Amino acid sequence: MANVNLLGWSYRYVGPPGLRALVRPEAEGRSIHSAADFDDWASNLAAVELAEPFTFVIDSAGVLRLAPRRSEHVVCAGGGPVLGAGEMNFRKESGQWVVGEVSNQSTGYCPDISSWPAVAKALDAAGIDHPSGFTHEVVFRRCLTCSQLNIVREEDFVCVFCDEELPREWNVEGPGR
């Protein structure tokens, strides 16, 4: 079950069990505590990597962690619970790195769109300017009938696997969150 903390809900990993086996301390995402941390990390990346979105998590301490796009969120998080997860890209504005786009797209953690405050707080703490919310929101729901995970598109709360109605409230980890 997700837990409440001062920064919002935490989300535990709900993705394929086999991906958890990839978790290794040396593979965790880079912790970004400041704009200088990001600048240092980004200076070692190829231009092609900087052009793509990054995998991100907000760890249970509220710190932004970044990894290359094709990294698994559970690996980026070191296997632990997160306060937020998704993808974000960066661009330079007036010599400073800023977040261009950010989503909660993580099928490993399936964070609710209400995870935005934790993401914003981590970016603020790192001194990185950002949009006022997710630029692309992904709505995750678990079907109460067949238990399959769904991504809700265009406000159509119907299970793509069994055609049953999906709950309006986030329920990926189960009822009674």
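Provided above is the structure to which this section pertains.
Along each chain, the written sequence defines residue order, and numbers are assigned to residues from 1. Where totals are concerned, whole chains, interfaces and linings use all residues; where local detail is concerned, this predicted model gives features only for residues with pLDDT of at least 70, and gives and counts side-chain atom pairs only at 80 or more. Excluding hydrogens and water, the side-chain figures rest on all heavy atoms present in the structure.

Asker: Would you mind showing me how to read the overall build of the chain here?
Answerer: For helices the rule is a DSSP run of H or I covering at least 4 residues; for strands it is a run of E covering at least 2, with both sets numbered from the N terminus onward. Looking only at helices and strands, one finds five helices and nine strands in the chain. Counting from the amino terminus, the chain carries its helices and strands in the arrangement β-β-α-β-α-α-β-β-α-β-β-α-β-β. For the radius of gyration, the atoms used are the C-alpha atoms, and the globule rule reads 2.2 Å times the number of residues raised to 0.38. Computed over its C-alpha atoms, the radius of gyration of the chain comes to 16 Å, within 12% of the 16 Å expected for a compact globule of 177 residues. Seen along its three principal axes, the alpha-carbon backbone of the chain occupies a region of about 50 × 35 × 35 Å. Partly exposed residues are those whose accessible area sits between 20% and 50% of the maximum for their type, while under 20% is buried and over 50% is exposed, using a 1.4 Å probe and protein chains only. Looking at the chain as a whole, 46% of its 177 residues are labelled buried. A contact between two residues is defined here by any heavy atoms of the two lying within 4.5 Å. Within the chain, counting contacts between residues at least 6 apart in sequence, those at least 24 apart form 58% of the total. When the accessible surface of the chain is summed, it comes to about 9,000 Å², and 50% of that surface belongs to carbon and sulfur atoms. We get accessible surface area from the Shrake-Rupley algorithm with a probe of 1.4 Å; when it comes to residues, only the shown protein chains can shield them.

Asker: Mind showing me how you'd approach the nonpolar core here?
Answerer: Note on soluble globular proteins: their nonpolar side chains tend to be buried together. Counting 26 residues, the largest nonpolar core has Phe 38, Leu 64, Leu 66, Met 88, Phe 90 and Val 119 as the members making the most contacts within it. Taken together, the elements giving at least two residues each to this core come down to α2 (35-42), β4 (54-59), β5 (64-67), β6 (82-93), β7 (96-103) and α5 (116-125). Those residues in contact with Phe 90, other than ones at most four positions away along the chain, are Phe 38, Leu 50, Phe 54, Leu 66, Trp 97, Val 98, Val 99, Gly 100 and Ile 128. Core analysis: the next-biggest nonpolar cluster, separate from the first, contains 16 residues, Tyr 11, Ala 77, Ala 85 and Val 172 among them. We call a set of buried residues a nonpolar core when its members are Ala, Val, Leu, Ile, Met, Phe, Trp, Tyr or Cys and they connect through side-chain atoms within 4.5 Å of each other.

Asker: Whenever I open this one, unusual backbone geometry confuses me. Can you help?
Answerer: Residues other than glycine predominantly adopt negative phi, and peptide bonds predominantly adopt the trans conformation. Although it is not a glycine, Ser 94 adopts a positive phi angle of roughly 50 degrees. Here Ser 94 is to be found in the loop between β6 and β7. The exposed category is assigned to Ser 94, whose relative accessible area is 79%. In this structure, Glu 154 takes a positive phi of about 50 degrees despite not being glycine.

Asker: Explain the packing of aromatic side chains to me, please; I cannot follow it from the model alone.
Answerer: The description of an aromatic ring pair rests on the distance of the ring centres and on the angle between the ring planes. Ring pairs shown here join Phe, Tyr and Trp side chains whose ring centres sit within 6.5 Å, with only the six-membered ring taken for Trp; geometry is labelled stacked below 30 degrees between planes, edge-to-face above 60, and tilted in between. Inspection of the entire model under this criterion finds eight aromatic pairs. Between Phe 54 and Phe 90 the ring centres are 6.0 Å apart and the planes differ by 55 degrees, which places this aromatic pair in the tilted class. Of this pair, Phe 54 sits in strand β4 while Phe 90 sits in strand β6; the two residues are 36 residues apart in sequence, bridging distant segments of the chain. A relative accessible area of 2% places Phe 54 in the buried class.

Asker: Would you mind showing me how to read the sheet that holds strand β3 (residues 30-32) here?
Answerer: Within a sheet, adjacent strands bond to each other through the backbone by hydrogen bonds, running parallel or antiparallel. Think of it this way: DSSP has to see at least two bridges between two strands before they count as a pair. The strand order across the open sheet built from five strands is β3-β5-β4-β6-β7, with neighbouring strands paired in antiparallel fashion. Each end of this open sheet is capped by a strand with a single partner; those strands are β3 and β7. Across this sheet, the average inter-strand angle for adjacent strands is 40 degrees, counted without regard to direction. In terms of strand pairing, β6 meets β7 through seven bridges, oriented antiparallel. Counted as the bridge partner of Phe 90 is Val 99 from β7. Of the strands in this sheet, β3, β4, β5, β6 and β7 touch α2, which is tilted by about 145 degrees from β3. Fitted lines through C-alpha atoms serve as axes, helices being fitted only where they are in contact, and the angles separating the N-to-C directions of these axes extend from 0 to 180 degrees.

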